[in-house]
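Results of the structural survey
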Amino acid sequence: MNPTILIVDDQPDIVELLKLFLERDNYLVIEAYDGLQAWEIIQSEQIDLAVIDIMMPGQDGYQLVKQIRSVYKMPIIFLSAKNQDNDKILGLGLGADDFIVKPFNPLEVVARIQAQVRRAYAFNEALPVSSASSADIAIGSLNLHLESCVLKLEGNEVELTSTEYKLLRTFMESPGRVFTKKQLFEKVWSDPYWKDDNTVMVHISRLRDKIESDPRQPVYIKTIRGLGYKFAKKEDFI
């Protein structure tokens, strides 16, 4: 079945342009022109990925993404004329998986959609467990179920996006190893790392908020100054 892409933008010409390019690649496209209409569609349709503008009447993109993330794990890409670093950090912090600035190349947008859909399918199908791993990885109060892609913290399920799951799995499969931002980005996002941006930092911050009792003093994901990040080992909790 071809993936279904929801495009949410109050500018019809942008919606029609993206629809043209996506349908040429055999995607199914559903249109929405504000956040309220988009939310109704998401609740009634099976959406594989949403492309969302920020500045819209009624309910803006930030509010919509926050609402989506309270229930759904679908990949989300912000497509916005807001191009400041704090806009991107806020968007990623709310749960978006990518942020594209207007004006844009529609071919690049389609390529990024393809990449996110591939990652989502890999997440939903559960990547094969390596011979060095068991079906679960337990460190401290965290238990990551690799076959069901479920994280439990002290027995309670923690909601993760596909990117957060892949990032956490990368860490927990190699406890104690120091990862640079470049290594994490290329492994988790499966794209070349071209520059030092905030993507990895923002997703690690979101993950800390979900698994650390005090994100400002993390015990699981530790920052190694000048190098990168590493995850705690089992013996750290004995």
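Procedures and definitions
- Residues numbered from 1 in each chain as written.
- Predicted model: local features only at pLDDT ≥ 70, side-chain atom pairs only at ≥ 80, totals over all residues.
- Heavy atoms only, no water.
- UniProt positions renumbered as here; feature names shortened; annotations may be inferred.
- Helix = DSSP H or I, 4+ residues; strand = E, 2+ residues; numbered from the N terminus.
- Buried < 20%, exposed > 50% of the residue type's maximum accessible area, 1.4 Å probe, protein only.
- Contact = heavy atoms within 4.5 Å.
- Pairing = 2+ DSSP bridges.
- Right-handed = clockwise from strand over helix to strand, strands pointing away.
- Polar contact = N/O pair within 3.5 Å; in protein donor to acceptor, adjacent residues only side chain to side chain.
- Salt bridge = Lys/Arg side-chain N within 4 Å of Asp/Glu carboxyl O.
- Axes fitted to C-alpha atoms, helices over the stretch in contact; angles between N-to-C directions.

Labelled according to an unreviewed UniProt entry, the protein chain appears under the name Response regulator transcription factor, originating from Paenibacillus zeisoli. As recorded by UniProt, the Subcellular location (unreviewed entry) comment attached to the protein chain reads in full: "Cytoplasm".

The subject of this paragraph is the UniProt feature "modified residue: 4-aspartylphosphate" (unreviewed entry) in the protein chain. Here the UniProt-annotated "modified residue: 4-aspartylphosphate" (unreviewed entry) positions come out as Asp 53. Take Asp 53: it is sitting in the loop between strand E3 (49-52) and helix H3 (61-69). Under the relative-accessibility criterion, Asp 53 is labelled buried at 3%. If sequence neighbours within four positions are ignored, Asp 53 has contacts with Val 8, Asp 9, Asp 10, Gly 61, Phe 78, Leu 79, Ser 80 and Lys 102.

In this section: the pairing of strand E2 (residues 28-32). Where strand E1 (residues 4-8) lies against E2, 5 bridges are found, and the strand directions are parallel. Residue Val 8 lies in a different strand from E2, and its bridge partner there is Ala 32. Taking the sense of rotation as the criterion, the β-α-β connection linking E1, helix H1 (residues 12-24) and E2 turns out right-handed.

Moving on, we get to the side chain of Arg 206. Structurally, Arg 206 is set in helix H8 (residues 199-211). Polar contacts involving the side chain of Arg 206 include one to the main-chain carbonyl oxygen of Ala 96, which spans 3.3 Å. Every residue in contact with Arg 206, bar those within four places of it in the chain, is listed here: Leu 92, Gly 93, Gly 95, Ala 96, Thr 161 and Glu 164.

The subject of this paragraph is the pattern of salt bridges. By the definition in use, this model includes 13 salt bridges. Arg 169 is the partner of Glu 173 in a salt bridge, and the nearest nitrogen-oxygen pair spans 3.0 Å. Taking relative accessible area as the criterion, Glu 173 reaches 31% and is therefore assigned partly exposed. Given a relative accessible area of 7%, Arg 169 falls into the buried group.

Now for unusual backbone geometry. With an omega dihedral of -5°, the bond running from Lys 102 to Pro 103 counts as a cis peptide bond. Tracing the backbone through its elements, the reader meets Pro 103 in the loop between strand E5 (98-101) and helix H5 (106-125). The residue Cys 149 is not glycine, and still its phi comes out positive at about 55°. With respect to the helices and strands, the residue Cys 149 is situated in the loop between strand E7 (142-145) and strand E8 (150-153).

Here we come to the environment of Trp 39. For Trp 39, the position within the fold is in helix H2 (residues 35-44). Classification of Trp 39 by relative accessible area gives buried; the value is 14%. When sequence neighbours within four positions are dropped, the list of residues in contact with Trp 39 reads Leu 64, Gln 67, Ile 68, Val 71 and Tyr 72.

Here we come to the pairing of E7. In this sheet, E7 lies alongside strand E6 (residues 136-139) in antiparallel orientation, the contact comprising 4 bridges. When the bridges of E7 are listed, Asp 136 appears paired with His 145. The hairpin turn running from E6 into E7, its antiparallel successor, is 2 residues long, and Gly 140 in that turn takes a positive phi close to 60°. Where E7 and E8 come together, 4 bridges link them in antiparallel fashion. Note on E8: the bridge partner recorded for Leu 144 is Leu 151. Here E7 folds back onto E8 in antiparallel fashion, the turn holding 4 residues, of which Cys 149 has a positive phi close to 55°.

Note: strands within a sheet are paired through backbone hydrogen bonds, in either parallel or antiparallel orientation. Across the sheet, which stays open at both edges, the 5 strands sit in the order E2-E1-E3-E4-E5 with parallel pairing between neighbours. The open sheet has two free edges, formed respectively by E2 and E5, since each of these has just one partner strand. Here the average twist between neighbouring strands, direction ignored, is 20°. Bridge count for E1 against E3 is 4 bridges, and the pairing is parallel. For Ile 7, the partnering residue across the bridge sits in E3 and is Val 51. Most of the contacts of H1 go to E2, to which it runs at about 170°, and overall it touches E1, E2, E3 and strand E4 (76-80).

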